[in-house]
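# Structural characterization, general
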Amino acid sequence: MWFKRRNLLTLFILCLLIYFSMRLTEFDLSKFRDFRNMIDFLSQWFPMEYSKLPGMISDSMETLAMAFLGSIFGLIIGLPISFLAAWNTAPSKYLYHLSRLVLSFVRSIPEIVFGLILLTALGLGPFPAVLAITFHNIGVLGKLISELVEASDPGPQEAMKAVGSKNWFAHLFSILPQIWPNVLSHYFYRFEVAIRTSLVLGFIGGGGIGQRLFNDFKTFQYSSVSLDVLIIMIIVICVDLLGSYVRNRVI
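Residues numbered from 1 in each chain as written. Predicted model: local features only at pLDDT ≥ 70, side-chain atom pairs only at ≥ 80, totals over all residues. Heavy atoms only, no water.

## Focus on the overall build of the protein
When its secondary structure is counted, the protein shows 10 helices and 0 strands. N-terminal to C-terminal, the α/β element order of the protein is α-α-α-α-α-α-α-α-α-α. By the burial criterion, 38% of the 251 residues in the protein qualify as buried. Sequence-distant contacts in the protein: of pairs separated by 6 or more residues, those separated by 24 or more amount to 74%. Carbon and sulfur atoms form 70% of the exposed surface of the protein, whose accessible area is close to 15400 Å². (Helix = DSSP H or I, 4+ residues; strand = E, 2+ residues; numbered from the N terminus. Buried < 20%, exposed > 50% of the residue type's maximum accessible area, 1.4 Å probe, protein only. Contact = heavy atoms within 4.5 Å. Areas by Shrake-Rupley, 256 points an atom, 1.4 Å probe, with all protein chains shown as cover.)

Here's what the structure looks like:
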């Protein structure tokens, strides 16, 4: 089976793609031969600088708030759009194609691009960063949820229509309960992604722990950088555990 001509051709093409990609990216493992510079660099990270911990915690709360608002607003706006972008719930083909086009357009623009535009237009701070995360999450969550809607069991929906329920009522109470655990799963995943995104937006003036991390790197305060990184890791792990707990309770 593995030695069929088609499989060998696929393997050959894959090897060519890997080779040319390594050439284009200057992929060179020999650069890891000298670990002394890396060890010297990492040795400056310890001991951690705990005197700035209160400020770091405050910035971390700001980062969490940015990620939460960007994710929840993305879900609130993307959820109704997803029903318009699903072929089995769209009121018309025109709205179906228009909704999918809008979601594809918004999803194709990275948060960093939205951030650069909004930070330039609205000024520095967390508010433009929240909007940037929201816009991108509308596209991503709208697309993901629309696929869940399309894959839902049509039986309950047809049963509700048979007893005279309106379309929107049938969609709400027959499809949403089926897909809700998966919706929450997608939401918490996007929440985790939004935390990492808010860090990157902090590098360009979006505020939060990301901006502090960037400033500590620029000023060579590596003992503070190590504590910044530790706090970020704790935040992501806590959000992951919270997401697992909520999904288990719902399911």
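Having seen the structure, we can now continue with the description.
## Points about the packing of aromatic side chains
On inspection of all chains with the given rule, the structure shows 6 aromatic pairs. Judged by centre distance (6.3 Å) and plane angle (70 degrees), the rings of Phe-68 and Phe-191 are edge-to-face. On the criterion of sequence distance, the pair formed by Phe-68 in helix 3 (residues 53-84) and Phe-191 in helix 8 (residues 167-203) is long-range, its members being 123 residues apart. Owing to a relative accessible area of 7%, Phe-191 belongs among the buried residues under this scheme. (Phe/Tyr/Trp six-rings, centres within 6.5 Å; stacked < 30°, edge-to-face > 60°.)

## Here's the deal with the side chain of Ser-224
The topology assignment puts Ser-224 in helix 10 (residues 222-250). Setting aside chain neighbours within four positions, we find Ser-224 in contact with Glu-49, Lys-52, Met-56 and Asp-216.

## Describing the packing of helix 5 (residues 111-122) against helix 6 (residues 126-150)
Following both chains from N to C, one finds helix 5 and helix 6 inclined at 145 degrees, their axes separated by 8 Å at the closest point. Considering only the axes of helix 5 and helix 6, their crossing is right-handed. Between helix 5, through Glu-111, Phe-114, Gly-115, Leu-118, Leu-119 and Leu-122, and helix 6, the contact on the second element is made entirely by Phe-127, Pro-128, Leu-131, Ala-132, Ile-133, Phe-135 and His-136. Partitioning the contact of helix 5 with helix 6 into residue classes produces 10 nonpolar, 2 polar and 1 charged. (Axes fitted to C-alpha atoms, helices over the stretch in contact; angles between N-to-C directions. Left-handed = near helix turned anticlockwise from the far one by under 90°. Nonpolar A, V, L, I, M, F, W, Y, C, P; charged D, E, K, R; others polar.)

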